[in-house]
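# Overview (structure and organization)
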Amino acid sequence: MTSYRRNFVPGGTFFFTVNLVERKLSLLTTHIELLRAAFRETRQRHPFTIDAIVVLPDHLHTVWSMPEGHADFATRWRLIKSTFSRNLARVERISASRAGRGERSVWQRRYWEHTIRNETDLARHIDYVHINPVKHGLVGRVSDWAPSSFHRFVKLGIYPADWAGVVSRDEDGPQFGERT
């Protein structure tokens, strides 16, 4: 079995990317209220702060800060994913390996996690969270994507409402600093 290394830093701040198994589905935005409820329920039992979040049709990006002395984000993700899945109608295709374990086939088993190192790293990841709907061509302006903490950041005066402007796509698409 593969051994995954996670950087469990008590009271740390982390960036996550969590994906659906079927990347062509739009379960997260179609069932946004179920996802919000899963987050609320989990946060009541296992507190954490959502510093930034964007929910796209097939994946989400978020930055969390863990409470002082706590580092168990894995349990929190397990609870969010299982609560959301339990409340969805069973329509997904289930692989033999998942069926053998009695698992649903909604979420990818793993997720991307990055430990935030400093204020610059935090700002960079929060910007990445908020620009993501534009990066994926879902909207031309960050402010046009509703399921995002961007709107809270505007209300708090952290971003101007026209942050990142209007992105026009050239033949190669916009560039957002990813490695090619």
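Residues numbered from 1 in each chain as written. Predicted model: local features only at pLDDT ≥ 70, side-chain atom pairs only at ≥ 80, totals over all residues. Heavy atoms only, no water.

Ring pairs (aromatic) are described by centroid distance and by the angle formed between their planes. Under the definition given, this model contains 20 aromatic pairs. Ring centres of F14 and F73 lie 4.8 Å apart, and the angle between their planes is 55 degrees; this geometry places the pair in the tilted category. Of this pair, F14 sits in strand β1 (residues 13–19) while F73 sits in helix α3 (residues 73–86); the two residues are 59 residues apart in sequence, bridging distant segments of the chain. Assigned by exposure class, F14 and F73 land together as buried. Look at Y159 and W163: their rings are 4.4 Å apart centre to centre, the planes differ by 35 degrees, and that puts the pair in the tilted class. In textbook terms, an aromatic cluster arises when at least three aromatic residues are bridged by ring pairs, as seen for F8, F14, F16, F39, F48, W64, F73, W77 and Y111. Lying over the aromatic face of F48, R43 brings its terminal NZ or CZ to 5.6 Å of the ring centre. (Phe/Tyr/Trp six-rings, centres within 6.5 Å; stacked < 30°, edge-to-face > 60°. Helix = DSSP H or I, 4+ residues; strand = E, 2+ residues; numbered from the N terminus. Buried < 20%, exposed > 50% of the residue type's maximum accessible area, 1.4 Å probe, protein only. Lys NZ or Arg CZ within 6 Å of the ring centre and 35° of its normal.)

The next thing to look at is the sheet that holds strand β3 (residues 59–65). Within a beta sheet, neighbouring strands are joined by backbone hydrogen bonds and run either parallel or antiparallel to one another. Strand order in this open sheet of four strands is β2-β3-β1-β4, and the pairing throughout is antiparallel. The sheet terminates laterally at β2 (49–55) and β4 (112–115), the two strands that pair on one side only. Averaged over all neighbouring strand pairs, the angle between strand axes comes to 15 degrees, with direction disregarded. Where β1 and β4 come together, four bridges link them in antiparallel fashion. By the bridge assignment for β4, F16 is matched with E113. Across the face of the sheet, α3 comes into contact with β1, β3 and β4 while running at roughly 140 degrees to β3. (Pairing = 2+ DSSP bridges. Axes fitted to C-alpha atoms, helices over the stretch in contact; angles between N-to-C directions. Contact = heavy atoms within 4.5 Å.)

Moving on: the environment of N132. Tracing the backbone shows N132 in helix α5 (residues 119–135). Spatially, the C-alpha atoms of N132 and L56 are 8.3 Å apart, while their sequence positions differ by 76 residues. Side chain to side chain, N132 and H61 meet in a polar contact 3.0 Å long. (Polar contact = N/O pair within 3.5 Å; in protein donor to acceptor, adjacent residues only side chain to side chain.)

Here the focus is helix α2 (residues 32–45). Here α2 spans 20 Å end to end across 14 residues, near enough to the 20 Å set by a 1.5 Å rise per residue. Turning to α2, the residues buried within the fold contact α1 (27–30), β2, β3 and α3. (Expected span 1.5 Å × (residues − 1).)

With that settled, consider the packing of α2 against α3. Between α2 and α3, the shortest axis-to-axis distance is 8 Å and the interhelical angle comes to 140 degrees. Between α2 and α3, the angle falls in the class oblique. The handedness of the crossing between α2 and α3 is right-handed. Residue-level contacts link L34, L35, A38, F39, E41, T42 and R45 of α2 to R76, W77, L79, I80, T83 and F84 of α3. Across the contact of α2 with α3, the residue classes tally to eight nonpolar, two polar and three charged. (Parallel < 35°, antiparallel > 145°, perpendicular 65-115°, else oblique. Left-handed = near helix turned anticlockwise from the far one by under 90°. Nonpolar A, V, L, I, M, F, W, Y, C, P; charged D, E, K, R; others polar.)

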